[in-house]
Amino acid sequence: MAAPKTTPPPEPKPAECSVCHGSGEVSRTVQVGRKQRVVGQQTGLCLNCLGSGDAPTE
């Protein structure tokens, strides 16, 4: 008889990035003019995880 097939355990999910909380994007305020007035926010790539959303390994 053949041995019963077993499936390997699932891979653990990597931890979320603490800066972007797993989204891969962060919001930055946009300032304009000589007085540096705040006019809104702009999203950009998270520099901690480089947009992957996973916590960087040390």
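Bear in mind the structure is a predicted one, so any value in this text is a computation, not a measurement.

(A) Spotlight on the pairing of strand E1 (residues 25-32). Looking at chain direction, E1 and strand E2 (residues 37-45) are connected through eight bridges and run antiparallel. Among the inter-strand pairings, threonine 29 is bridged to a residue of E2, identified as glutamine 41. Linking E1 to E2, which pair antiparallel, is a turn of four residues; within it glycine 33 sits at a positive phi near 85 degrees.

(B) Local environment of the nonpolar core. Core analysis: the biggest nonpolar cluster contains five residues, these being Cys17, Cys20, Val26, Cys46 and Cys49. Aside from chain neighbours lying at most four places away, what touches cysteine 17 is Gly22, Cys46, Asn48, Cys49, Gly53, Asp54 and Ala55.

(C) Spotlight on unusual backbone geometry. Its identity as a non-glycine residue notwithstanding, histidine 21 has a phi of 60 degrees, on the positive side. Considering the arrangement of structural elements, one finds histidine 21 in the segment before E1. Exposure remark for histidine 21: the relative accessible area of 57% places this residue in the exposed category. Positive phi, close to 60 degrees, is recorded for leucine 50, a residue that is not glycine. Looking at the element boundaries, leucine 50 is found in the segment after E2. Exposure remark for leucine 50: the relative accessible area of 62% places this residue in the exposed category.

The rules behind the values
- Residues numbered from 1 in each chain as written.
- Predicted model: local features only at pLDDT ≥ 70, side-chain atom pairs only at ≥ 80, totals over all residues.
- Heavy atoms only, no water.
- Pairing = 2+ DSSP bridges.
- Helix = DSSP H or I, 4+ residues; strand = E, 2+ residues; numbered from the N terminus.
- Core = buried A, V, L, I, M, F, W, Y, C linked by side-chain atoms within 4.5 Å.
- Buried < 20%, exposed > 50% of the residue type's maximum accessible area, 1.4 Å probe, protein only.
- Contact = heavy atoms within 4.5 Å.

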